[in-house]
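# Tertiary structure, described
As a plain string of letters, each chain reads:
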Amino acid sequence: MLTYLLYNRQTPGESRMSELAQQLEPLQVDTRLLDADSAEGINLVEHYDVMGRPAVLVCRDDGTLVQFWQGETEIPSASEISYLAHL
């Protein structure tokens, strides 16, 4: 599984997603921290119809979406992401 952490630069979401990425590292969650306005970020936003930032997407290796959260109040804990990422 792969977890994408999407944020907009120079917003509180950027620091929150950076912190979450650090929390996920020791939990052995394969994580990609991405600016939603980068080329890869834009592709993900369009493909998964992400409307809010920050956003967390947990995907299977084939790209199938397992779970998706968006918006500042929706962001899950590192342990919740880890649980889903290791199913």
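Residues numbered from 1 in each chain as written. Predicted model: local features only at pLDDT ≥ 70, side-chain atom pairs only at ≥ 80, totals over all residues. Heavy atoms only, no water.

### A closer look at the sheet that holds strand S3 (residues 55-59)
Note on sheets: strands pair through backbone hydrogen bonds, and any given pair is parallel or antiparallel. Spelled out, the test is: For two strands to be treated as a pair, DSSP must find at least two bridges joining them. Numbering of helices and strands starts at the N terminus; helices are DSSP runs of H or I of at least 4 residues and strands are runs of E of at least 2. Think of each axis as a best-fit line through the C-alpha atoms, taken over the contacting stretch in the case of a helix, with angles from 0 to 180 degrees between the N-to-C directions.
Taken together, four strands build an open sheet; the order of strands is S2-S1-S3-S4 and the sheet is mixed. Both edges of this open sheet fall to strand S2 (31-35) and strand S4 (65-70), since each of them pairs with a single strand only. Averaged over all pairs of adjacent strands, the angle between strand axes in this sheet comes to 15°, irrespective of strand direction. Direction of pairing for strand S1 (residues 2-7) relative to S2: parallel, over a ladder of five bridges. Residue tyrosine 4 lies in a different strand from S2, and its bridge partner there is arginine 32.

### Re helix H3 (residues 78-85)
So the rule is basically this: For every residue, the accessible area (1.4 Å probe, protein chains only) is compared with the maximum for its type, and the residue is labelled buried under 20%, exposed over 50%, or partly exposed between those bounds. The arc in question is the one traced by the directions running from the helix axis out to the C-beta atoms. Any two residues having at least one pair of non-hydrogen atoms within 4.5 Å are treated as being in contact.
Residues of H3 that are buried: Ala78, Ile81, Ser82, Leu84 and Ala85. When H3 is viewed along its axis, its buried side chains cluster within an angular range of 165° and face the same direction. Exposed and facing more than 90 degrees away from the buried side of H3 are Ser79 and Tyr83. The inward-facing, buried residues of H3 contact S1, helix H1 (12-24), S3 and S4.

### Let's talk about H1
Heads up, the rule is: Expected span of a helix: the number of residues minus one, times 1.5 Å.
The end-to-end C-alpha distance of H1 is 19 Å, a good match for the 18 Å that 13 residues give at a rise of 1.5 Å each. The set of residues buried in H1 consists of Gly13, Met17, Leu20, Ala21 and Leu24. Here the buried residues of H1 occupy an arc of 105° about the axis, which is enough to place them on one side. Opposite its buried face, H1 presents the exposed residues Pro12 and Gln22, each directed more than 90 degrees away. Looking at the packing, one finds that the buried side of H1 touches S1, S2, S3 and H3.

### Overview of the pairing of S4
Within a regular strand, the side chains alternate between the two sheet faces. Judged from the five bridges that link them, S3 and S4 form a sheet pairing that is antiparallel. Bridge pairing in S4 links cysteine 59 to leucine 65.

### Thoughts on unusual backbone geometry
Geometrically, the link from arginine 53 to proline 54 is a cis peptide bond, its omega value of 0° lying close to zero. When you line up the elements, proline 54 lands in the loop between helix H2 (39-48) and S3. Even without being glycine, glutamine 28 reaches a positive phi, approximately 60°. One non-glycine residue, aspartate 49, lies in the positive phi region at around 55°. Note on placement: aspartate 49 falls in the loop between H2 and S3. Residue class for aspartate 49 comes out exposed when judged on its relative accessible area of 53%.

This is a description of form; function is not addressed.
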